[in-house]
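Topology and contacts: notes
Letter by letter, the chains look like this.
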Amino acid sequence: MKAVGIIFSNIHDNNVPELARIRTLGSIPFGGRYRLIDFPLSNMVNSGIDTVGIITKSNYQSLMDHVGSGKDWDLARKDGGVIILPPFGNIESSNLYQSRLEALKGITNFLFRADEEYVVMTDCDTVCRINFNEVIEHHIRNHGDISLVYKRLKNGEYSVKHSTTFDIIDGRIINVSYQSENLKNEYQNVFTNVFVMKKSLLQNIVMDSITHNKTHFMSDIISSNLKSMKILAYEHKGFFAGITSLQAYYESNMYMLDAKNRDEIFGDRSVFTKIRDSAPTKYGNSAIIKNSMIADGCIIEGEVENSIIFRNVKVGRGAVVKNSIVMQNTVLGENSFLNCIITDKNVVIKDKKVLSGSKNHPFYIGKGIMV
């Protein structure tokens, strides 16, 4: 069944304000060589969705540079393909949208031009692999009005905190709990921010919300229609990580050091990203590598353990990097020491500097900072 895809690149920027200050959430680097938008975009491509609209809001230059024409996802097409949908598309207002429903009001032209019968909407705050065809088939088979995808997680996991959760009976959602509510059960049905419905229904929802000044999709549409509409729950049983905070971002990256998780996400090379040609990484005679992911173009002369190293990073002689995420073009001076640190791009750590956070509270160093 043909579907059109919609990806929200900015909805959850406030989850990680440190990383999203200069970029959209979708542009945040992940896993050594990827961006967060690569995961929903690849899921759509692998599900045969070849028309994808990416809704933007602000700071989306890096997102446009990364996605480009969509050729790395086989979406550089004359008809359909990937379409960047900037703010103020057709709203007679100078105010940026603040919610999902307000964002949808700005892309009504995109929705009405699409020929597909169904629509799949997703955000950029999750790392997982979902076959959207299976969700659509479940939706059709059970005669749903709207289907929401959830993941069952143990209470206390970082991906649970600040997430929307569901109570479910016989496959239908009967209650929605929001971030501020206490979570008492041992396991939670955590919303993955994936919606499936007929395009015609979404069009009606958007037009009705314009008429009646509705602004929030979850509260004004989902929660308010749990009895009047058949809102189904579809369980995702594979790996899932939600980027709900800087701590959750750190933990999600660290999950990739587990071979089982890594193989489930990247094993068959079905996560696509912008291709960059870089020289192979050079390892010096004194280099020691333990349980780490290291991208190409690096120069490693020190010790790296339980860490994720992005492209073109230099680790000086005698430097030690443990339990850290080191982004592109960072330079670590000789005999420096990093533990539980997240460095943004182009950071310089001088010789003999010692920086340490903790696994429960990693320390973040902003883009271009010299320490």
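Everything here concerns the structure above.
Parameters at a glance
- Residues numbered from 1 in each chain as written.
- Predicted model: local features only at pLDDT ≥ 70, side-chain atom pairs only at ≥ 80, totals over all residues.
- Heavy atoms only, no water.
- 1 Å grid on protein atoms, 1.4 Å probe; cavity = no way out; pocket = protein on both sides within 12 Å on 5 of 7 lines; lining within 4 Å.
- Points joined across faces, edges and corners; volume = space filled by probe spheres on them.
- Nonpolar A, V, L, I, M, F, W, Y, C, P; charged D, E, K, R; others polar.
- Helix = DSSP H or I, 4+ residues; strand = E, 2+ residues; numbered from the N terminus.
- Salt bridge = Lys/Arg side-chain N within 4 Å of Asp/Glu carboxyl O.
- Buried < 20%, exposed > 50% of the residue type's maximum accessible area, 1.4 Å probe, protein only.
- Phe/Tyr/Trp six-rings, centres within 6.5 Å; stacked < 30°, edge-to-face > 60°.
- Contact = heavy atoms within 4.5 Å.

1. Brief notes about empty space enclosed by the protein
- Inspection of every chain in the model, using the stated rule, returns 2 cavities of 30 Å³ or more.
- Around the largest cavity sit 14 residues that line it, and R33, Y34, R35, R311 and Q328 are the ones nearest its centre.
- Residues that form the lining of the largest cavity fall into these classes: 4 nonpolar, 4 polar and 6 charged.
- Of the pockets and cavities examined, the second largest cavity occupies roughly 50 Å³.
- The wall of the second largest cavity is formed by F39, P40, N43, T122, D123, T126, C128, I130, F132 and V194.
- Among the elements of the structure, helix 2 (38-46), strand 6 (118-123) and strand 7 (126-128) are those that each provide at least two residues to the lining of the second largest cavity.

2. A word on the pattern of salt bridges
- Applying the stated criterion across every chain yields a total of 10 salt bridges.
- The partner of D296 in a salt bridge is R311, and the shortest N-O contact between them spans 3.4 Å. Of this pair, D296 sits in the loop between strand 16 (293-294) and strand 17 (299-300) while R311 sits in the loop between strand 19 (308-309) and strand 20 (314-315), and the two are 15 residues apart along the sequence.
- Judged by relative accessible area, which is 6%, R311 ranks as buried.

3. A word on the packing of aromatic side chains
- In the structure shown here, the tally under the stated rule is 9 aromatic pairs.
- Centre to centre, the rings of F30 and Y249 are 6.3 Å apart; their planes meet at 70°, and the pair counts as edge-to-face. Separated by 219 residues along the polypeptide, F30 in strand 2 (residues 29-30) and Y249 in helix 9 (residues 246-255) bring together distant segments of the chain. Of the two residues, F30 and Y249, both sit in the buried class.
- Geometrically, the ring pair formed by F239 and Y255 is edge-to-face, given 6.0 Å between the ring centres and 85° between the ring planes. Placement of the pair is F239 in the loop between strand 12 (231-235) and strand 13 (240-242) and Y255 in helix 9, with a sequence separation of 16 residues.
- Owing to a relative accessible area of 9%, F239 belongs among the buried residues under this scheme.
- Here a set of aromatic residues connected by ring pairs shows up, and it is made of F30, Y34, F39, Y249 and F266.

4. Quick word on the environment of I243
- Mapping I243 onto the fold places it in the loop between strand 13 and helix 9.
- Judged by its relative accessible area of 0%, I243 is buried.
- It is 8.6 Å that separates the C-alpha atoms of I243 and C124, two residues lying 119 residues apart in sequence.
- Once residues within four sequence positions are removed from consideration, I243 is found in contact with N15, V16, L36, D125, A248, Y249 and S252.

Bear in mind that shape data such as this cannot, by itself, settle questions of function.
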